[in-house]
Each structure stands twice: as C-alpha cells, then as structure tokens.
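Single-letter residue listing:
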Amino acid sequence: MRNTPSEFSLLCRDRDHAAYGVVGAATVALAFLNLKEVPSAVRTLLEALTMYREADERITAFHKSQTQKKENQHVSASTTDHQSNAA
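This section reports on the structure supplied with the text. Bear in mind the structure is a predicted one, so any value in this text is a computation, not a measurement. (Residues numbered from 1 in each chain as written. Predicted model: local features only at pLDDT ≥ 70, side-chain atom pairs only at ≥ 80, totals over all residues. Heavy atoms only, no water.)

1. Comments concerning the overall build of the protein
Each helix and strand counted, the protein has 2 helices and 0 strands in total. The 87 residues of the protein split such that 14% are buried. Within the protein, residue pairs in contact and separated by at least 24 positions form 66% of the contacts whose partners lie at least 6 positions apart. For the protein, the computed accessible surface area is about 7100 Å², with 57% contributed by carbon and sulfur atoms. (Helix = DSSP H or I, 4+ residues; strand = E, 2+ residues; numbered from the N terminus. Buried < 20%, exposed > 50% of the residue type's maximum accessible area, 1.4 Å probe, protein only. Contact = heavy atoms within 4.5 Å. Areas by Shrake-Rupley, 256 points an atom, 1.4 Å probe, with all protein chains shown as cover.)

So, in structure tokens, the structure goes:
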C-alpha cells in the first residue's frame, strides 16, 4: 500500500514552497534595487508575499475546518447521549 500525503502535508508543502519563493524574491528584489529599479523590487516582493499569505491562509482555513468538524462531532455525540438517556 502506498503512503499518500495528507491534505495538511500538501498544504504545508505548498506554504514551504511559497516561503522559498519569498527568499528568492528577496534576492531578485535586491538585484532590482542595485539597478535603482525600486518599482520592480517592490512588485517582486509583493507578489511573493501574496503567494505566501494565500498558502498560509489555506492552512488556517484547514485548521478551522478541522476544529469545526471536531466540535460538530462532539455536539452530535452529546445530542445522541441525551436522546438515549431520555428514552
């Protein structure tokens, strides 16, 4: 049986890649700054930061969905217990 990466692992991998992208963008931005190309430097950094933020927000959304699932399961189990006790 092949071990496939979980959804969370894939999200973390994407965020890691985005973080490496920010590091690369910083290197490129420094080269632009050396050439006095400030708008290009800023644009390069902003694009990379946007990609990182989006990847990070997907992880946050994943955590929230997992928390909601656990809460719903707890409520469901609690409701079932109350219904069983009432019968």
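2. Here's the deal with the pattern of salt bridges
Applying the stated criterion across every chain yields a total of 2 salt bridges. Between Asp14 and Arg13 there is a salt bridge, and its shortest N-O distance comes to 3.0 Å. For Asp56, the salt bridge identified is with Arg15, shortest N-O distance 3.0 Å. One end of the pair, Asp56, is in helix H2 (residues 38-86); the other, Arg15, is in helix H1 (residues 7-34), and 41 residues separate them in sequence. (Salt bridge = Lys/Arg side-chain N within 4 Å of Asp/Glu carboxyl O.)

3. Re H1
The terminal C-alpha atoms of H1, which comprises 28 residues, lie 41 Å apart, in line with the 40 Å expected from a rise of 1.5 Å per residue. Listed as buried for H1 are Leu11, Cys12, Ala18, Ala25 and Ala29. Just past H1, the residue Lys36 takes up positive phi, approximately 65°. (Expected span 1.5 Å × (residues − 1).)

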